[in-house]
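Listed here are the chains, written in short residue letters.
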Amino acid sequence: MTFRQHIAKFVTGNATISQLPDIAIVGLEEGLDSPSLWILAGLNKNENPFQVDDYFRRTLQELNIKLPDKRQAAIEFGIAIAEQIIAGKIDLIIGTKQIIDKAIHNYDFFSETENYCYDSIGFETVYGVYYNYEDLVYADHPWQVDKTNEELLTEVKAELLEELRKWIEKYKNGA
């Protein structure tokens, strides 16, 4: 994950203040440079949380990075997980569940729904395909006459991966 994606993870409550020094190291590895970033990266995990937070805020100010609001952070963190899935660093099903539970559910996207759950962020198809997979896993009877549920699971997983790719692309194209 990138420095900004880690910040989104922090804003969504999926990273703690004690993890900010590690996040600062990611920023340094990306070539970011500011006095407070260097100090933050060198702080101990047991450091006073107020001091860590202060250096984090100073770092953002020095780098002219605006802290994303909760909505934007939820999307950015979800995209970060999706990119890790595509790169093969996280299992498809576990990662998609993390997107839903740890990223997307951190903001009330339901209130923005027009026709389908999460359609305001273009995630409705991924969400639907994921729950088709879940339903199929727990099915106590065959879903189709000409295919086994195992064959269908393989197809649904391929579709889920493709829909995650499309979601990342939509997001990067400004959707």
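The paragraphs below set out a description of the structure included in this document. If you're wondering where the values come from, they're calculated on a predicted model, not measured in any experiment. (Residues numbered from 1 in each chain as written. Predicted model: local features only at pLDDT ≥ 70, side-chain atom pairs only at ≥ 80, totals over all residues. Heavy atoms only, no water.)

## Details of the pattern of salt bridges
Point 1. Across all of its chains, the model carries seven salt bridges by this definition.
Point 2. The salt bridge partner of Glu83 is Lys172, with a shortest N-O separation of 2.8 Å. Taken together, the residues Glu83 in helix H5 (residues 70–86) and Lys172 in helix H8 (residues 149–172) connect sequence positions 89 residues apart.
Point 3. A relative accessible area of 23% places Glu83 in the partly exposed class.
Point 4. Judged by relative accessible area, Lys172 falls into the exposed class, the value being 51%.
Point 5. Residue Glu163 is joined to Lys166 by a salt bridge in which the shortest nitrogen-to-oxygen separation is 3.4 Å. In this pair, Glu163 and Lys166 both sit in helix H8, three residues apart, roughly one turn of the helix.
Point 6. According to the relative accessible area criterion, Lys166 is partly exposed, its value standing at 40%. (Salt bridge = Lys/Arg side-chain N within 4 Å of Asp/Glu carboxyl O. Helix = DSSP H or I, 4+ residues; strand = E, 2+ residues; numbered from the N terminus. Buried < 20%, exposed > 50% of the residue type's maximum accessible area, 1.4 Å probe, protein only.)

## Notes on the side chain of Glu163
Point 1. A residue is classified by how much of its surface remains accessible, and Glu163, at 12% relative accessible area, is buried.
Point 2. The residues touching Glu163, leaving out its near neighbours within four places in the chain, are Thr125, Val126 and Val129. (Contact = heavy atoms within 4.5 Å.)

## Side note on the packing of aromatic side chains
Point 1. This model, assessed by the stated rule, comprises nine aromatic pairs.
Point 2. On the basis of an interplanar angle of 80 degrees and a centroid distance of 6.0 Å, the ring pair of Tyr118 and Phe123 is categorised as edge-to-face.
Point 3. With relative accessibility at 1%, the residue Tyr118 sits in the buried group.
Point 4. Pairing Tyr118 with Tyr127 gives two aromatic rings, centres 4.8 Å apart and planes at 75 degrees, and the pair type is edge-to-face. Here Tyr118 matches Tyr127 in class, with each residue buried.
Point 5. Members of the aromatic cluster, joined through ring pairs, are Tyr107, Phe109, Phe110, Tyr118, Phe123, Tyr127, Tyr130, Tyr131 and Trp167.
Point 6. For Arg58, the ring lying beneath its charged end belongs to Tyr55, and the centroid distance is 5.3 Å. (Phe/Tyr/Trp six-rings, centres within 6.5 Å; stacked < 30°, edge-to-face > 60°. Lys NZ or Arg CZ within 6 Å of the ring centre and 35° of its normal.)

## Points about unusual backbone geometry
Point 1. One non-glycine residue with positive phi stands out, namely Asn64, at about 55 degrees.
Point 2. Its location among the elements puts Asn64 in the loop between helix H4 (49–62) and H5.
Point 3. For Asn64, a relative accessible area of 70% corresponds to the exposed category.
Point 4. Even without a glycine there, the phi angle at Tyr118 is positive, about 70 degrees.
Point 5. Looking at the element boundaries, Tyr118 is found in the loop between helix H6 (92–103) and helix H7 (124–137).

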